[in-house]
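# Structure at a glance
Take a look at the letters that make up each chain.
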Amino acid sequence: MSDITREDVAHLARLARLAVTDDELDVFSGQLDAILDTVGRVSEIDDDVPPTSHVAPLTNVLRADEPEPSLDREAALAGAPAAEEGRFRVPRILGEEP
Amino acid sequence: MSGSDTDALTRLDAAELARRVQAREVSSVEVTRAHLERIEAVERTGLNAFLHVAADQALAAAAAVDDEIAAGTVRSPLAGVPVAIKDNMTTRDMPTTCASRILDGWRPPYDATVVRRLRDAGLVPLGKTNLDEFAMGGSNENSAYGAVRNPWDRTRVPGGSSGGSAAATAVGEAPLALGSDTGGSIRQPGAFTGTVGMKPTYGTVSRYGLVAFSSSLDQIGPLGRTVLDAAMLHEVVGGHDPCDQTSIDAPLPPVVEAALAGARGDLAGVRVGVVTELSGEGYQPGVLAAFTDAVRVLTELGAEVVEVSCPSFTYAMPAYYLIAPSEASSNLARFDAMRYGLRVGDDGSRSTDEVMSATREAGFGPEVKRRIMIGTHALSAGSYDALYGKAQKVRTLIVRDFTAAFERCDVLVSPTVPTTAFPIGDRVDDPVSMYLADLCTIPANLAGIAGLSVPCGLAPEDGMPVGLQVMTPALADDRAYRVGAAYETARDAASGVPFASTVPDPAALETAS
C-alpha cells in the first residue's frame, strides 16, 4: 500500500533536518517502505473509536507559581558547542536564503 | 582481597550484599572494589556492557556509606550496594551519551531524579551502561560505541535497548542496574540474558533526567538477578516526583513486601490469564516449551489458570511503531547543534539550518534516522489521520482488551519474547524483523500497565534463556513481584541451583582459552 520513493525520503529528511546521502536515499526508501507496509495495518481497525494519546490519569499538572533557582549561566553553557560573551554562539540565521 | 573473594562477592545478590555491608561483615568499599575488578576482567573479554566506569567516585561514595554505617546510620535497605545506570539517564559526575555520537562526552548539569534517589539511598553508582542509540532498538547493535555481547553466547545479542544493564547484571559486573522500557527495553534484554527486569506502571518512576525517546511510553525500571533485588531497587527509585509532569501522585505499591510474600510459594486464589494472542505461530518451540512449563508451575503453586483473548494485540506492534517514532521525531528535534552536543560544519559560511542538518546527519545512526523520518511522515498533514490517528485508536482498543482481561484475571502471562537471543548481525538490515522482538512487551507500554520478566529456563534447541512475562493492572505492580517470586522459588527448588548462578563466566572462558 505504501510506496516510498527516493524523492519522498529526501523530502522527509529535509523536514527532519537530516542531510542524508545518496546511498542512504536508496537504503532508506526500501526500508521505510517495508516499515510503512507493516505499520499501515492500523488502517484496518474501525474508525469509530476514540483516540488515546497517553494513559496517565492526569491533566494540566502545574506547579505553584513561585520563583525557584534554575541552572546558572555557566552550567547552562557548559555543554554548548560554541559560546561567546556568556551566550550560545550560533551560525548565521539570516542570509541569502529566500 | 584475593581473586576468589572478589568472585564470591560479585556472585551474591543485592539483598545479601546489603545485609553483610549493613552488619559490617564486609565494607561497601570492599564490595565496590570487587565489582570494579569484575568489570575490568569481564570488559577485557569484549562484553562491552559499560560505556563509562566511575571507579574513583564509586570508591569515594562507598567509603562515605561505610563511615555512616560505622556511625550507626543506614540510609536505606540497599545502602552500600553498587548499581549500574543505563546511559540515557543524566548524571552530573559522569558523561551521558545515550550511545549516540551526537552526545559524545556530554556532561549533564544535573542528576536525573532516579540517580539522585540512588545516591540519597546510599547506593554506589559504578558507571553507565551501553544501549541502543537513544534506546531505539532491541539488540544493542544500534549503539554508536559497539554492540554488547550476550554472556550466554558471545555471538548473540543481549537484547535491547537496555542490553548493557542486562548483560552487566547477568555476569555480576553489578548486582543491580537501572534500565528504561519504551516497548520492552527492560523486559526483553532481561529475558535474553536470564535476568529479572521490571517495567513499572507508567508514571510511577520519575522520567526527570531520562533523555526522552517516546514520552507517553518511556518508563524507568530495575534489573536484578532475583525478583526481590529488582523489587528493592524499584522501591528506592519509585514514587511521585514534582519534576515530572506525568508522575502519578499515589503511594508506590508494596513491591518488596510482595516479593517476600511470593517467595513463600503460595499462589492459592491468584487468577492467572494466558494471553491467546501472545503465543503460537512464529514462536520458537523452546520458548513455548519453557513458557508452558512455567504456567504448569504456577498451577502447582495454587494459581487458577485460564486462557484469555486480547484480539487487538495483533495491532499493537504496528501502532507502537507509529506512536513511538512520532514522539521521537518531536523529542529529538532538541538535538539542534546549538545548546549541547555535537556541531558539524560551522565554518562561518554555513547557515544554522545547514549546520543543524549536517550535525544530525553525522550524529545520528541509521535506526534513529529511520524512526525520525517515519515519525515525520506519520505526523504530516497527508498521513496523520490514516497513521498516527489510527495508532491512537488502536491504543484505546488495547486498553479495553486489558481492562476486560483484568476483570477475569489478577495477572496476565506470556513469553517475554517470541524467540531467544538471535545472532549478532542477523536482523540489522531488516528493521521489521528486528521490531518483532517487541511483540509481547509492547501492549503493556501502550496501556501504561506493569510488566515483569522472570527467567524461566533455557530453550533446548540453543541453550539460551527464556523469559516469563507477568503483566498487572496499573498500580498493581506488587502482583507481578508476588507471582514472579513464587515462580522463581519453585524454579530454583526444582533445579537445585539458583538460575542466576548458571550463567557462563566470560572471564573464566578468557583464562581457559
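Everything numeric in this text was worked out from a predicted model, so none of it was measured.

Cut-offs and rules
Residues numbered from 1 in each chain as written. Chains lettered and ligands numbered in written order. Predicted model: local features only at pLDDT ≥ 70, side-chain atom pairs only at ≥ 80, totals over all residues. Helix = DSSP H or I, 4+ residues; strand = E, 2+ residues; numbered from the N terminus. Rg over C-alpha atoms; globule rule 2.2 N^0.38 Å. Buried ≥ 20, exposed ≤ 12 C-beta atoms within 10 Å, placed from the backbone. Contact = placed C-beta atoms within 7 Å. pLDDT = per-residue confidence, 0-100. Axes fitted to C-alpha atoms, helices over the stretch in contact; angles between N-to-C directions. Parallel < 35°, antiparallel > 145°, perpendicular 65-115°, else oblique. Nonpolar A, V, L, I, M, F, W, Y, C, P; charged D, E, K, R; others polar. Pairing = 2+ DSSP bridges. Core = buried A, V, L, I, M, F, W, Y, C linked by C-beta atoms within 7 Å.

Moving on to the overall build of chain A. The number of helices and strands found in chain A is three helices and two strands. In summary, chain A has a C-alpha radius of gyration of 22 Å against a globular reference of 13 Å for 98 residues, an excess of more than 25%. Expressed along its principal axes, the backbone C-alpha trace of chain A runs to roughly 55 × 45 × 25 Å.

Helix and strand counts for chain B stand at 18 helices and 11 strands. For 513 residues, the compact-globule estimate of 2.2 N^0.38 gives 24 Å, and chain B sits close to it at 22 Å. C-alpha atoms of chain B, sized along the principal axes, occupy 65 × 55 × 50 Å. Expressed as a percentage of the 513 residues in chain B, the buried residues total 64%. Sequence-distant contacts in chain B: of pairs separated by 6 or more residues, those separated by 24 or more amount to 77%.

This paragraph deals with the environment of A121(B). All names here are of chain B. Mapped onto the elements, A121 comes out in the loop between α5 (113-120) and β3 (124-129). On a C-alpha basis, the gap between A121 and V236 in space is 6.9 Å, while along the polypeptide they are 115 residues apart. In contact with A121, other than residues within four places in its own chain, are R75, S76, L78, A79 and V236.

Averaged over all residues, the pLDDT of chain A is 92; the fraction at 70 or higher stands at 95%. Helix α3 (residues 73-77) of chain A is the least confidently modelled element of chain A, averaging 94 in pLDDT, while helix α1 (residues 6-15) of chain A averages 97, the highest of any element.

Bringing the packing of α1(A) against helix α2 (residues 22-39) of chain A into the picture now. Residue and element names in this part refer to chain A. Running from amino to carboxyl end, α1 crosses α2 at an angle of 100°, the nearest separation of the two axes being 9 Å. One element, α1, and the other, α2, form an angle in the roughly perpendicular class. Here R6, V9 and A10 of α1 lie close against α2, whose contacting residues are L25, D26, F28, S29 and L32. The residue makeup of the contact of α1 with α2, split by class, is five nonpolar, one polar and two charged.

Once that is clear, we can look at the confidence of the model for chain B. Confidence in the prediction of chain B, expressed as mean pLDDT, is 96, and 98% of residues score 70 or more. Across the interface, the model reports ipTM at 0.94; the global pTM reads 0.97.

Residue and element names in this part refer to chain B. With respect to topology, 11 strands assemble into an open sheet ordered β1-β3-β2-β4-β6-β5-β10-β11-β9-β7-β8, the strand pairing being mixed. Only two strands of the sheet have a single neighbouring strand rather than two, namely β1 (50-53) and β8 (304-308). Strand-to-strand twist of the sheet, defined as the mean angle between neighbouring strand axes without regard to direction, takes the value 25°. In this sheet, β3 lies alongside strand β2 (residues 82-86) in parallel orientation, the contact comprising five bridges. Along β3, the bridge assignment pairs V83 with P125. Helix-sheet contacts for helix α4 (residues 55-70) involve β1, β2 and β3, and the interaxial angle to β3 is about 155°.

Attention now goes to the interface of chain A and chain B. Listed by partner, the interface residues are 47 residues for chain A and 56 residues for chain B. Contributing elements (two or more residues each) for the side of chain A that touches chain B: α1, α2 and α3 of chain A. Of the residues forming the side of chain A that touches chain B, the biggest block, seven residues, is contributed by α2(A). Split into classes, the residues belonging to the side of chain A that touches chain B amount to 34 nonpolar, eight polar and five charged.

Our focus in this paragraph is the nonpolar core. Most often, soluble globular proteins have nonpolar side chains that are buried together. Grouped together as the largest cluster of nonpolar side chains are 190 residues, with contacts concentrated most on L78(B), V81(B), V83(B), A319(B) and L322(B). Ignoring anything within four residues of it in the chain, the contact list for V81(B) reads A14(B), L17(B), A18(B), V21(B), L123(B), V124(B), P175(B) and L176(B).

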